[in-house]
Amino acid sequence: MKELSSLQIERLKYQPKLPSSLSGGINNLTLVEGNKTECVKDAEQIKELFKNTYGKPVVTFKSSNQTEDAPVRNIGVILSGGQAPGGHNVIAGLYDALKQSNPQNKLYGFLGGPSGIIEGEYIEFTPEKINAYRNTGGFDIIGSGRTKLETEEQFQKALKVCQNLNITGVVIIGGDDSNTNAAMLAEWFVKNNAGIQVIGCPKTIDGDLKNEQIEISFGFDTATKTYAELIGNILRDANSAKKYWHFVKLMGRSATHVGLEVALQTQPNITLISEEVEQKQMSLKQIVNYIADIVAKRADMGKNFGIALIPEGLIEFIPEIKSMISNLNDVLATLENDNSYTSADENTKFNIIKNKLNAADSAVYDSLPVMIKKQLLMDRDPHGNVQVSKIETEKLLIEMVSNKLTEMKKAGTYNGKFSAQCHFFGYEGRCAFPSNFDADYCYSLGYNAFALMKFGLTGYLSSVKNLSSPANEWVAGGVPLTMMMNMEKRHGQFKPVIKKALVELNGPVFKVLEENREKWALEDKYIFPGSIQYFGPSCVCDITTETLKLENAAKLTAV
Ligand code: FBP
């Protein structure tokens, strides 16, 4: 019986690249401090909530000839939130840096996400354990979870667990919500003189944890390439059989970075961008008309097939539904402990909600199909987000487009055949073998996280920049987490959170779609990217995403 696939065996041997500033050794670094920082919005409240960690400078590292002392340290690491390719390499980079710094150092992995540090569930990493997971996808080395760290009791428990293990530093690998956790924990540890540093690492396939300092979160590269391969295959199937319209919902939560990137890699007929829907204040009906119009035009050309990409978070950006969801979130927060609601049957629940929503939102809620009404009532995640992955927007759109085409047929404005298939791509890409880019980037982020700890920093996000250049030219450093924060409503209350980066409609990436989409809608300009290549010529193994390429090129021209 085989224990490992051939690719697994070969990937374990891959040696990830480091930026040259780090490759001179973890004990041979100089820290360069930039200017003090401000948060993105709501400065007064954020300053008040993060009295001890607010306003720190952005930092970078340079390699130095002087070797520094490296006292023995124990560090803990947490994988938090949704899986993203490369998480294991962050841990491998962190482990290698820590052992290189002082072989007596220990790395503990908290099990099952942030709850592991509260419950004291952990393992100590051994070389064998780390070596078995190098360059692999998944978070299964220690598991992940979405527990929100925010209460005094949780912080006290975490402190106790860390003290028992002599841990003086915690690395949290996560997205915007998880790094909000990291910022809260860092502040609490400083306030309570705990002597424990906290460093975050930017993870999420969604690509929405980015800003001037963070070019992209890890996992986006591999996940989008995986989806692009699948979409390319479906495009070819559609173009071969010429009988189906494929409606593909793509993960990415609120922002449409994933959908946009995949569109640029494959050039499908229709790509909806949530941010554009919101900006143009498009109603659900207008979106349906837009799709039906393209279906009809293609049918006139004898083409009863095509592909439409639907962003996972679309529903939250359609103005009338956005307003309804916001009202609904407040209503649900008041019903959380109301037995007459929680124990009610489905129809009674619908009626309670309908009566509690304001008139306009109630009408919108009531107009939706039962399937969607039900999905909108599902529990919010621990951070208060609607679980958009469970809302079947692709099915909703197929049904509504089909109804619209029936009307058009009666009116004599459509004379085609509409047969649709629906897909949801998300989980397929989150645990793929990391691309060379993600393998290198993640390893560097983990290695760099330990460098930040060595300099006594806390409340920072590990940052590696200049990512469109070869890895040795990448710039390693750190960004204060408070710099990315603002106040947002969650579970009916305003809370400090890291601001999500949405697709910029004036940005270079969206512009490419905007300039080409009419052509892509009617002419078939499909591109078939094929699968991620791990071995072979650099032109296929080391390509970055279109998003990174275009955004970094635009930054260079702006300088
Ligand atoms: P993170 O923000 O934690 O990285 O999660 C990303 C994501 O994959 C979203 O794209 C998706 O909406 C969500 O996780 C799904 O969550 P779950 O894994 O809990 O079903």
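That block above? That's the structure.
Below is a short write-up of the structure. (Residues numbered from 1 in each chain as written. Predicted model: local features only at pLDDT ≥ 70, side-chain atom pairs only at ≥ 80, totals over all residues. Heavy atoms only, no water.)

1. A look at the overall build of the protein chain
Step number 1: For the protein chain, the helix and strand inventory stands at 23 helices and 15 strands.
Step number 2: Radius of gyration (C-alpha) of the protein chain: 24 Å, near the 24 Å computed for a compact globule of 559 residues.
Step number 3: Overall, the protein chain is about 80 × 60 × 55 Å in size when its C-alpha atoms are taken along their principal axes.
Step number 4: For the protein chain, the residues scored as buried account for 57% of the 559 residues in total.
Step number 5: Sequence separation of 24 or more characterises 79% of the internal contacts of the protein chain that already satisfy a separation of 6 or more.
Step number 6: Taken as a whole, the protein chain presents about 22800 Å² of accessible surface, with 49% of it coming from carbon and sulfur.
Step number 7: Mean positive and mean negative side-chain charge positions of the protein chain (60 and 64 charges, respectively) differ by 2 Å. (Helix = DSSP H or I, 4+ residues; strand = E, 2+ residues; numbered from the N terminus. Rg over C-alpha atoms; globule rule 2.2 N^0.38 Å. Buried < 20%, exposed > 50% of the residue type's maximum accessible area, 1.4 Å probe, protein only. Contact = heavy atoms within 4.5 Å. Areas by Shrake-Rupley, 256 points an atom, 1.4 Å probe, with all protein chains shown as cover. Lys, Arg positive; Asp, Glu negative; His and termini not counted. Charge placed at Lys NZ, Arg CZ, Asp CG, Glu CD.)

2. Notes on helix H12 (residues 284-300)
Step number 1: Here H12 is 17 residues long and its end C-alpha atoms lie 24 Å apart, about the 24 Å a rise of 1.5 Å per residue gives.
Step number 2: After H12 finishes, the residue Gly302 shows a positive phi value of roughly 85 degrees. (Expected span 1.5 Å × (residues − 1).)

3. Considering the packing of aromatic side chains
Step number 1: What the rule picks out here adds up to 13 aromatic pairs.
Step number 2: An angle of 80 degrees between the planes, with centres 6.1 Å apart, marks the rings of Phe247 and Phe418 as edge-to-face. Taken together, the residues Phe247 in strand E8 (residues 245-250) and Phe418 in the loop between helix H18 (393-410) and strand E11 (420-425) connect sequence positions 171 residues apart.
Step number 3: Ring centres of Phe350 and Tyr365 lie 6.3 Å apart, and the angle between their planes is 70 degrees; this geometry places the pair in the edge-to-face category. Taken together, the residues span a long stretch of sequence, with Phe350 in helix H15 (residues 346-356) and Tyr365 in helix H16 (residues 359-367) at a distance of 15 residues.
Step number 4: Clustering of aromatic rings is evident, with ring pairs tying together Phe155, Trp188 and Phe189.
Step number 5: Of note, Arg11 hangs over the ring of Tyr14, and the distance from its end group to the ring centre comes to 4.5 Å. (Phe/Tyr/Trp six-rings, centres within 6.5 Å; stacked < 30°, edge-to-face > 60°. Lys NZ or Arg CZ within 6 Å of the ring centre and 35° of its normal.)

4. Focus on the site of the ligand
Step number 1: Close contacts around the ligand come from 14 residues, with Gly82, Thr204, Asp206, Tyr427 and Arg430 the closest.
Step number 2: Contacts to the ligand include Arg430, whose side-chain N or O atom sits 2.8 Å from an oxygen atom.
Step number 3: Here the ligand, which alone exposes 480 Å², has 87% of that area covered by the protein.
Step number 4: Here the residues of the shell around the ligand are counted per class, giving three nonpolar, five polar and six charged. (Near = heavy atom within 4 Å. Polar contact = N/O pair within 3.5 Å; in protein donor to acceptor, adjacent residues only side chain to side chain. Nonpolar A, V, L, I, M, F, W, Y, C, P; charged D, E, K, R; others polar.)

5. A few points about unusual backbone geometry
Step number 1: A positive phi angle, close to 55 degrees, is found at Asp42, a residue other than glycine.
Step number 2: Within the fold, Asp42 resides in the loop between strand E1 (29-36) and helix H3 (43-49).
Step number 3: Residue classification places Asp42 among the partly exposed positions, given a relative accessible area of 24%.
Step number 4: For Asn135, which is not glycine, the phi torsion reads 60 degrees and is therefore positive.

6. Some points on the packing of H12 against helix H21 (residues 508-522)
Step number 1: Running from amino to carboxyl end, H12 crosses H21 at an angle of 50 degrees, the nearest separation of the two axes being 9 Å. With respect to their mutual orientation, H12 and H21 come out oblique. Judged by residue contacts, Tyr290, Ile294, Lys297 and Arg298 of H12 engage Arg517, Ala521 and Leu522 from H21.
Step number 2: Classifying every residue of the contact of H12 with H21 by side-chain character gives four nonpolar, no polar and three charged. (Axes fitted to C-alpha atoms, helices over the stretch in contact; angles between N-to-C directions. Parallel < 35°, antiparallel > 145°, perpendicular 65-115°, else oblique.)

7. Quick word on the environment of Lys499
Step number 1: By the element assignment, Lys499 lies in the loop between strand E15 (493-498) and H21.
Step number 2: Judged by its relative accessible area of 40%, Lys499 is partly exposed.
Step number 3: Among residues more than four places away in sequence, those in contact with Lys499 are Val40, Asp208, Met484, Asn486 and Glu488.

8. Structural notes on the sheet that holds strand E10 (residues 306-311)
Step number 1: The strand order across the open sheet built from four strands is E9-E10-E8-E11, with neighbouring strands paired in parallel fashion. In this open sheet, the two edge strands, each paired with only one partner strand, are strand E9 (270-271) and E11.
Step number 2: Note: E8 against E11, six bridges, orientation parallel. Its bridge partner being in E11, His246 is matched across the sheet by Gln421.
Step number 3: Of the strands in this sheet, E8, E9 and E10 touch helix H10 (residues 257-266), which is tilted by about 155 degrees from E10. (Pairing = 2+ DSSP bridges.)

9. Structural notes on H10
Step number 1: Among the ten residues in H10, ten count as buried, and that is most of the element.
Step number 2: Within H10, the full set of buried residues consists of His257, Val258, Gly259, Leu260, Glu261, Val262, Ala263, Leu264, Gln265 and Thr266.
Step number 3: On the buried face of H10, the contacting elements are helix H9 (220-241), E8, E9, E10, H21 and helix H23 (546-558).
Step number 4: Once H10 ends, the next one or two residues include Gln267, with phi positive near 55 degrees.

10. Digging into the pattern of salt bridges
Step number 1: The tally for this structure, following the rule as stated, stands at 29 salt bridges.
Step number 2: Across the pair Asp208 and Lys500 runs a salt bridge whose closest N-O atoms are separated by 3.6 Å. With Asp208 in the loop between strand E7 (197-202) and H9 and Lys500 in the loop between E15 and H21, this residue pair connects regions lying 292 residues apart in the sequence. Each member of the pair, Asp208 together with Lys500, is buried.
Step number 3: When the shortest N-O distance is used, the salt bridge between Glu514 and Lys511 registers 3.3 Å. In this pair, Glu514 and Lys511 are both assigned in helix H21, three residues apart and thus about one turn of the helix distant. (Salt bridge = Lys/Arg side-chain N within 4 Å of Asp/Glu carboxyl O.)

These results come straight from atomic positions and should not be treated as a statement about function.
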